[in-house]
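These are the residues of each chain, in order.
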Amino acid sequence: GVLQAQTVEAKEYKAQSGVTVGAGKILSRQKSVDILSILVKPFSRILVTPTTETALTLSVTSKTEGQKFTVSIPTPSAQDLDFDWFIINETTTPN
């Protein structure tokens, strides 16, 4: 079902792993990785958080609706870069 509310407050938010949240890795000497997800839409907000210490900026550089998104770094790294991701699909209709 669909829950609609002006404000939602909770002690914990749970999401199914690999569907709306997950983890990825850009392998050493690579600049990007594709993450498969059927939930990707044009208005998706995809948040990425590095879990490996790095000075590089991770960016979502492309989205293919219903298929995947790409996470990239500006230059290849000497080490693998692990990251977490979270998809939030923005609605285009007002409540």
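Refer to the structure above for everything that follows.
From a predicted model like this one, the values you see are computed outputs, not experimental measurements.

The alternating pattern of strand S1 (residues 21-26) places Gly22, Gly24 and Ile26 on a buried face, while none of Val21, Ala23 and Lys25, on the opposite face, is buried. Pairing geometry for S1 and strand S6 (residues 81-89), over 6 bridges, is antiparallel. The residue of S6 that forms the bridge with glycine 24 is phenylalanine 83.

Next up on the list: the pairing of strand S5 (residues 68-72). The two faces of a sheet get side chains in turn, since along a regular strand they alternate between them. For S5, a buried count of 4 out of 5 residues is recorded, marking the element as mostly surrounded by other parts of the structure. As defined by bridge partners, strand S2 (residues 32-36) adjoins S5 across 5 bridges and the pair is classed as antiparallel. Note that in S5 the partner of aspartate 34 across the bridge is threonine 70. As defined by bridge partners, strand S4 (residues 59-64) adjoins S5 across 5 bridges and the pair is classed as antiparallel.

Right, let's talk about the pattern of salt bridges for a bit. Summed over all chains, the structure comprises 3 salt bridges. Of the charged contacts, one joins arginine 45 and glutamate 90 as a salt bridge, the two residues approaching to 2.7 Å between their closest N and O atoms. With arginine 45 in strand S3 (residues 44-50) and glutamate 90 in the segment after S6, this pair connects stretches of sequence that are 45 residues apart.

Moving on: the sheet that holds S6. Pairing in this open sheet of 3 strands is antiparallel, and the strands run S1-S6-S3 from one edge to the other. If you trace the sheet from one side to the other, it starts and ends with S1 and S3, each paired once. This sheet shows a mean twist of 30° between the axes of neighbouring strands, independent of strand direction.

In most cases, non-glycine residues show a negative phi, while peptide bonds are predominantly trans. Located in the positive-phi region is arginine 29, a residue other than glycine, with phi close to 70°. The topology assignment puts arginine 29 in the loop between S1 and S2. Of the residues examined, arginine 29 reaches a relative accessible area of 66% and is grouped as exposed.

Reading the values: the criteria
- Residues numbered from 1 in each chain as written.
- Predicted model: local features only at pLDDT ≥ 70, side-chain atom pairs only at ≥ 80, totals over all residues.
- Heavy atoms only, no water.
- Buried < 20%, exposed > 50% of the residue type's maximum accessible area, 1.4 Å probe, protein only.
- Helix = DSSP H or I, 4+ residues; strand = E, 2+ residues; numbered from the N terminus.
- Pairing = 2+ DSSP bridges.
- Salt bridge = Lys/Arg side-chain N within 4 Å of Asp/Glu carboxyl O.
- Axes fitted to C-alpha atoms, helices over the stretch in contact; angles between N-to-C directions.

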